[in-house]
Amino acid sequence: MRCGYFKVLILALATAAALLYLGSIKNEVHTHSKRLETAHNNDSIRGQGMLRRLDKMENDINRLLNVMGKVEMKVPAGQKEAEVKKERKVVRKLFPNSYLFSKWGQDLSEEEQREAEMLYKRYGYNAFLSDRLPLNREIPDTRPHRCAEKKYPADLPTVSVILIYLDEALSIIKRAIRSIIDKTPAHLLKEIILVDDSSSNEDLKEKLDDYVTLINEECPGLVKKIRHSEQLGLTQARLSGWKSAVGDVVAIFDAHIEVHVEWAEPLLARIKEDRTVILTPVFDRVNYDDLTLTPYLAAADAFDWALWCMYESFRPEWYKLKDDSLPGKSPSIMGILVADRKFFGEIGSLDGGMKIYGGENVELGIRVWLCGGSVEVIPCSKIAHIERSSKPYLPDLSVTMKRNALRVAEVWMDEYKYNVNIAWNLPLENHGIDIGDVSERKKLRKSLNCKPFQWYLDNVYPLLDPLSDLLGYGALRNDLKPELCIDQGPVPGNIPIIYPCHFYSPQNCYYRTDGQIYIGGIKSHKYNSNRCLVDSGSGLYPGLYECKLAEQKKFHMLWDFKQDEPIQNRDTKRCLEIAMDENNNYKLIVQQCSGQKWKIQNLIEGRLLGPKKTI
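None of these values were measured; they are calculated from a predicted model.

What follows covers the overall build of the chain. Helix and strand counts for the chain stand at 16 helices and 24 strands. Here the chain, with 615 residues, has 49% of them falling under the buried criterion. Entry remark: accessible area of the chain is about 30500 Å², with carbon and sulfur atoms responsible for 53%.

Once that is clear, we can look at the state of the cysteines. In a disulfide, the sulfur atoms of two cysteines are covalently bonded to one another. Within this structure, the stated rule accounts for five disulfides. Note that Cys-147 is cross-linked by a disulfide to Cys-380, the S-S spacing being 2.0 Å. Between Cys-147 and Cys-380, the disulfide has an S-S torsion of -85 degrees and is therefore left-handed. Residue Cys-147 is located in the loop between α4 (127–130) and β1 (159–165), and its partner Cys-380 is located in strand β12 (residues 374–386); the two are separated by 233 residues in the primary sequence. Per residue, the accessibility class of Cys-147 equals that of Cys-380, and both read buried. Note that Cys-575 is cross-linked by a disulfide to Cys-593, the S-S spacing being 1.9 Å. Between Cys-575 and Cys-593, the S-S dihedral sits near 85 degrees, and the bridge is therefore right-handed. Linking Cys-575 in strand β22 (residues 575–580) with Cys-593 in the loop between β23 (586–591) and β24 (598–603), this pair joins segments that are 18 residues apart in sequence. Since its relative accessible area comes to 31%, Cys-593 is described here as partly exposed. For the chain, the bonded cysteines pair up as 1-3, 2-4, 5-6, 7-8, 9-10 when numbered in the order they occur along the sequence.

In this section: the nonpolar core. The nonpolar side chains of soluble globular proteins are, as a tendency, buried together. In this structure, Ile-278, Leu-307, Phe-344, Ile-366 and Tyr-456 are the most contacted members of the largest nonpolar core, which totals 71 residues. By residue number, the principal contributor to this core is helix α12 (residues 398–412), which donates seven residues. With sequence-adjacent residues up to four places away left out, Ile-366 is seen in contact with Phe-303, Pro-331, Val-408, Trp-412, Met-413, Phe-453 and Tyr-456. Counting residues in each nonpolar core, the second largest holds 42 residues, with Leu-163, Val-212, Ala-251 and Ile-336 among its members.

This brings us to a nonpolar patch on the surface. A surface patch of nonpolar side chains, amounting to about 290 Å² of accessible area, comprises Ile-495, Leu-540 and Tyr-541. Within the secondary structure, Ile-495 is located in the loop between β14 (481–487) and β15 (497–500).

On the surface, Glu-111, Glu-112, Glu-115 and Asp-131 cluster together into a negatively charged patch. The topology assignment puts Glu-111 in helix α3 (residues 110–123). Overall, Glu-111 belongs to the exposed group, its relative accessible area being 64%.

Along a regular strand, successive side chains alternate from one face of the sheet to the other. Extensive coverage of β12 is indicated by the burial of 13 of its 13 residues. With three bridges connecting them, strand β5 (residues 257–259) and β12 associate as antiparallel partners. Paired with Ile-257 across the bridge in β12 is His-385. Of the pairings in the sheet, the one linking strand β6 (residues 277–286) to β12 comprises ten bridges and is parallel in character.

The next thing to look at is the pattern of salt bridges. Going through the model one piece at a time under the given rule, you end up with 38 salt bridges. Among the salt bridges present, the one from Glu-363 reaches Arg-441, with a minimum N-O distance of 3.4 Å. Of this pair, Glu-363 sits in helix α11 (residues 360–370) while Arg-441 sits in helix α14 (residues 439–447), and the two are 78 residues apart along the sequence. Taking the relative accessible area as the measure of exposure, Arg-441 reaches 11% and is therefore buried. In this structure, Lys-442 engages Glu-410 in a salt bridge whose closest nitrogen and oxygen atoms are separated by 3.0 Å. Linking Lys-442 in helix α14 with Glu-410 in helix α12, this pair joins segments that are 32 residues apart in sequence. By relative accessible area, Lys-442 is classed as partly exposed at 36%.

Reading guide: rules and limits
- Residues numbered from 1 in each chain as written.
- Predicted model: local features only at pLDDT ≥ 70, side-chain atom pairs only at ≥ 80, totals over all residues.
- Heavy atoms only, no water.
- Helix = DSSP H or I, 4+ residues; strand = E, 2+ residues; numbered from the N terminus.
- Buried < 20%, exposed > 50% of the residue type's maximum accessible area, 1.4 Å probe, protein only.
- Areas by Shrake-Rupley, 256 points an atom, 1.4 Å probe, with all protein chains shown as cover.
- Disulfide = S-S within 2.5 Å.
- Core = buried A, V, L, I, M, F, W, Y, C linked by side-chain atoms within 4.5 Å.
- Contact = heavy atoms within 4.5 Å.
- Patch = residues over 30% accessible without salt bridge, like charges linked within 9 Å, V, L, I, M, F, W, Y side chains within 5 Å.
- Salt bridge = Lys/Arg side-chain N within 4 Å of Asp/Glu carboxyl O.
- Lys, Arg positive; Asp, Glu negative; His and termini not counted.
- Charge placed at Lys NZ, Arg CZ, Asp CG, Glu CD.
- Pairing = 2+ DSSP bridges.

Next comes the structure, spelled out in structure tokens:
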């Protein structure tokens, strides 16, 4: 080791000496060359030839110096790296199972790991890293290339940007404010309104106030702050911001965002053209662990019958235009919205009867389409949005989501409102969930002369499956062992099982008029395939396959069933039954019918034997 070290040291010294020597030669050559240039005989053939030779010599020396310099850099760097590795202590990984450290934080000390994990659990993203990043950090321009070529009118409407938050990290809010100021033309940015839905984080009081004061010294009156005395939820926070806004246009955002270059102009230009359009920018995902950016392509903001949001392709006519910078029609919005401030009020703003979180964006999208407006996604406006690993309001958002979805259905979905019950596996009547008073929202619908929901399905969102031929849904139980339910079984896998009832999605079954039985949930869209119960015709066990595949393979996938009667395959005439195996465990089988009876959790009135029942 020591011998190798001395060899490296000697080589480094020799390299340095050679560099010094060559550098001195280069200086002499360069000086002599300059002198020749100023001499009276430098235009002679002899003088010009000497100049060319000196230039060549200087170039050759420069190349040699570059090569020697690289050698010199490599040797000490390698030696230094080896020494650092030799001296560096191995840091114990305190949270090997934490998602935060899956690809980030390998060089943190134990104390830093503890702090980072604590902040991650508090905020749902890497606040430790955020606190160490510049507030005006650069993010890549991910817009479609044609966006940079677009020109916008000079007389665009002004915008009030509303940032909603509950217990965000201070640096996240400061970065959002900074990016909006830096990337919005000053004559268009009317104000930034911060709406605090009663945060408990002390940093969001005096420290945030100090930052707001600092910004307002730079731009008087630009940033305003509203604080709720109690938590009212996202919908009320958005309404508070809208009511306080004075700009021509309101842009209602989460506070954990950064805006891209020229984010505002395409939105404001589109609203200048049509004040009845509600717009949403395109999200780029900011990863919660390392805060790097993952670009997203423009897509429609859609939803399923449970009213959970999802991305979906635009309608085919958008793709035929072959210009990804153009606005695309969308059934709904994803939560970030931009609208003409006055039109937003005329159309009913947001439903103040929504609680905490969920469904309000879908309600707005449906209402706008039905009542004279439209919804568009603007690809040239991009917002970088942090994907949180957890939400601040509730550990289980499905509680309020379910309640809000039923409220939306009652006001806007007419006879299709029951599809929301089906999606949540709730009985069609007497579901026991208080959706609040909807009389004012129904009056609003009447006063705006809104279209029926059927029009929305026909013209805006024809991809939704109306579920019109459903007979029953929910858990399927056998009268021999009513505490056991049919279950989709392990996934991946194609063998349904009988399992103790828990009534979650894997045990949700659906029986349609054509005789198909789905197990493990039902898809909301026509383009998706459900999983059908099949009898292969031989063997003891039933199968569970995507219905399209089962049809292609000519599996026996149609069944006859009435409440409290057997489930019998129409082709094989075998019945779905349960039997005990050699280990005294019950198995789901198909066999010669023995008279076993089944009961499905919810019946749809008038479609299956007798009136609708709930068990």
